[in-house]
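Chains, contacts and geometry: an overview
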Amino acid sequence: MPGHTDNEITIAAPLDLVWDMTNDIEGWPDLFSEYASVEVLRREGDTTTFRLTMHPDENGKVWSWVSERETARDVHTVWARRVETGPFAFMNIRWEYDETPQGTRMRWTQDFEMRPEAPIDDAGMTDLINRNSKVQMELIRDKIEQRARSTVEA
């Protein structure tokens, strides 16, 4: 059965700042702790194709893949999918942003299926993504809130 995750966090910062920082793909190695590098392969309008490379895992393996990401700022939504799927049969991601009285709510939903030969099954990957999304979202929140505070103080 395919995996599905749904995680969100509220960031005490304006939607424009959250949008700009989280959609600056070249800046992801500074925003996420898991990404070592990003290489933009192509931009066409609101669609970007890029290669993500992670830091080595606990076994020293470096994971890398190509994704395609389409942004729609007018509806505060991003759709992404892995082009090079690796251990996934498919991976589709949606990021949604909403203004709230507390700041900006950022929500990530992921739908995927692992290949039979993958080192982890759908349930295991669901747990891994849910744990890691919490860590990454909190890190992103902290960095964006720090930027928002420094912008106000300047």
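Residues numbered from 1 in each chain as written. Predicted model: local features only at pLDDT ≥ 70, side-chain atom pairs only at ≥ 80, totals over all residues. Heavy atoms only, no water.

So, on to the overall build of the chain. In terms of regular secondary structure, the chain is built from three helices and seven strands. Taking 15 Å as the expected radius of gyration for a compact globule of 154 residues, we find that the chain reaches 16 Å, a close match to that expectation. Viewed in the frame of its principal axes, the chain has a C-alpha envelope of about 50 × 30 × 30 Å. Counting the 154 residues in the chain, one finds 42% classified as buried. (Helix = DSSP H or I, 4+ residues; strand = E, 2+ residues; numbered from the N terminus. Rg over C-alpha atoms; globule rule 2.2 N^0.38 Å. Buried < 20%, exposed > 50% of the residue type's maximum accessible area, 1.4 Å probe, protein only.)

Further remarks concern the pairing of strand E7 (residues 103–114). The two faces of a sheet get side chains in turn, since along a regular strand they alternate between them. Extensive coverage of E7 is indicated by the burial of nine of its 12 residues. Two elements, strand E1 (residues 3–11) and E7, share nine bridges in a ladder whose sense is antiparallel. Each bridged residue has a counterpart across the sheet, and for Asp 6 the counterpart in E7 is Thr 109. Pairing between strand E6 (residues 88–100) and E7: 12 bridges, direction antiparallel. Its bridge partner lying in E7, Phe 88 is registered against Met 114. If you look at the hairpin formed by E6 and E7, you'll find two residues sitting between the two strands. (Pairing = 2+ DSSP bridges.)

With that settled, consider the sheet that holds E6. Strand order in the open sheet made by the seven strands is E1-E7-E6-E5-E4-E3-E2, with antiparallel pairing throughout. Each edge of the sheet is formed by a strand with only one pairing partner; in this case those strands are E1 and strand E2 (35–44). Averaged over all pairs of adjacent strands, the angle between their axes in this sheet comes to 20°, without regard to strand direction. Strand direction decides the pairing type here: strand E5 (residues 77–82) and E6, joined by five bridges, are antiparallel. Residue pairing across strands places Val 78 opposite Trp 95, the latter belonging to E6. Packing of helix H1 (residues 15–22) onto the sheet brings it into contact with E1, strand E4 (64–72), E5, E6 and E7, and relative to E6 it is tilted by some 155°. (Axes fitted to C-alpha atoms, helices over the stretch in contact; angles between N-to-C directions. Contact = heavy atoms within 4.5 Å.)

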